[in-house]
Amino acid sequence: MVQETIFSKIIAKELPADIVYQDERVTAFRDIDPKAPTHILIIPNKIIPTVNDIEAEDEAVVGYLFSVARKLAKQEGIAENGYRLIINCNQHGGQEVFHLHLHLVGGQPLGPMLSSHG
Ligand code: 5GP
């Protein structure tokens with residue numbers, strides 16, 4: 001039994017969110033605490049808690065997250081300058097919400113991907 005999260009309630013419109021795209025497979029909405037001018041979360045409507053939980057049958061929807069990201073990047077006007085796609089996994093990855101989500105972040109130079117190891 002997969003655990004429902006705040007994102008399930010956003011998909012079901014039980015919680016308010018600035019939804020920028022939704023269909024039968026995915027929902028995309030603006031992050032409540034944006035780290036850049038564009039910060040959108042793209043999530044499968046099916047609850048997949050983490051990348052570790054992706055199963056073979058989920059491969060199509062996981063790929064589809066990237067197609068939606070590409071379209072939204074164009075819609076947001078950030079495709080040409082570029083952007084970053086991020087998926088955090090578990091504690092070391094800094095994951096806070098256990099419903100798989102692809103962060104689409106852009107609209108300004110984003111700096112180095114990670115601080116130095118050490
Ligand atoms: P994670 O750290 O799990 O990769 O990212 C979770 C993201 O969800 C964070 O960037 C956080 O700001 C965002 N977030 C958490 N709660 C809500 C919410 O209720 N609404 C929206 N729109 N974003 C949320």
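Our subject is the structure that appears above.
Residues numbered from 1 in each chain as written. Predicted model: local features only at pLDDT ≥ 70, side-chain atom pairs only at ≥ 80, totals over all residues. Heavy atoms only, no water.

1. Here we look at the nonpolar core
Val26, Ile40, Ile42, Leu65, Val68, Leu72 and Leu104 are the most contacted members of the largest nonpolar core, which has 17 residues in total. Breaking this core down by element, the ones donating at least two residues are β2 (26-30), β3 (38-44), α2 (59-76) and β5 (102-106). Element by element, the count of residues in this core is highest for α2, at eight residues. With residues up to four places along the chain from it excluded, the contact list for valine 26 reads Tyr21, Ile43, Pro44, Asn45, Val61, Tyr64, Leu65 and Val68. (Core = buried A, V, L, I, M, F, W, Y, C linked by side-chain atoms within 4.5 Å. Buried < 20%, exposed > 50% of the residue type's maximum accessible area, 1.4 Å probe, protein only. Helix = DSSP H or I, 4+ residues; strand = E, 2+ residues; numbered from the N terminus. Contact = heavy atoms within 4.5 Å.)

2. Describing the layout of surface pockets
Once rolled over the atoms, a probe with the size of a water molecule shows which space is left empty. Counted as a void, the largest pocket has a volume near 740 Å³. Residue lining of the largest pocket: 31 residues in total, with Asp31, Lys35, His39, Leu41 and His103 positioned closest to the centre. (1 Å grid on protein atoms, 1.4 Å probe; cavity = no way out; pocket = protein on both sides within 12 Å on 5 of 7 lines; lining within 4 Å. Points joined across faces, edges and corners; volume = space filled by probe spheres on them.)

3. What to know about the sheet that holds strand β1 (residues 19-22)
What the five strands build is an open sheet, ordered β1-β2-β3-β5-β4; its pairing is antiparallel. In the strand order of this sheet, the two ends are held by β1 and β4 (83-86), each with one partner. Direction aside, the axes of adjacent strands within the sheet are offset by 15° on average. Most of the contacts of α2 go to β3, to which it runs at about 155°, and overall it touches β1, β2, β3, β4 and β5. (Pairing = 2+ DSSP bridges. Axes fitted to C-alpha atoms, helices over the stretch in contact; angles between N-to-C directions.)

What is shown is where atoms sit, not what they do.
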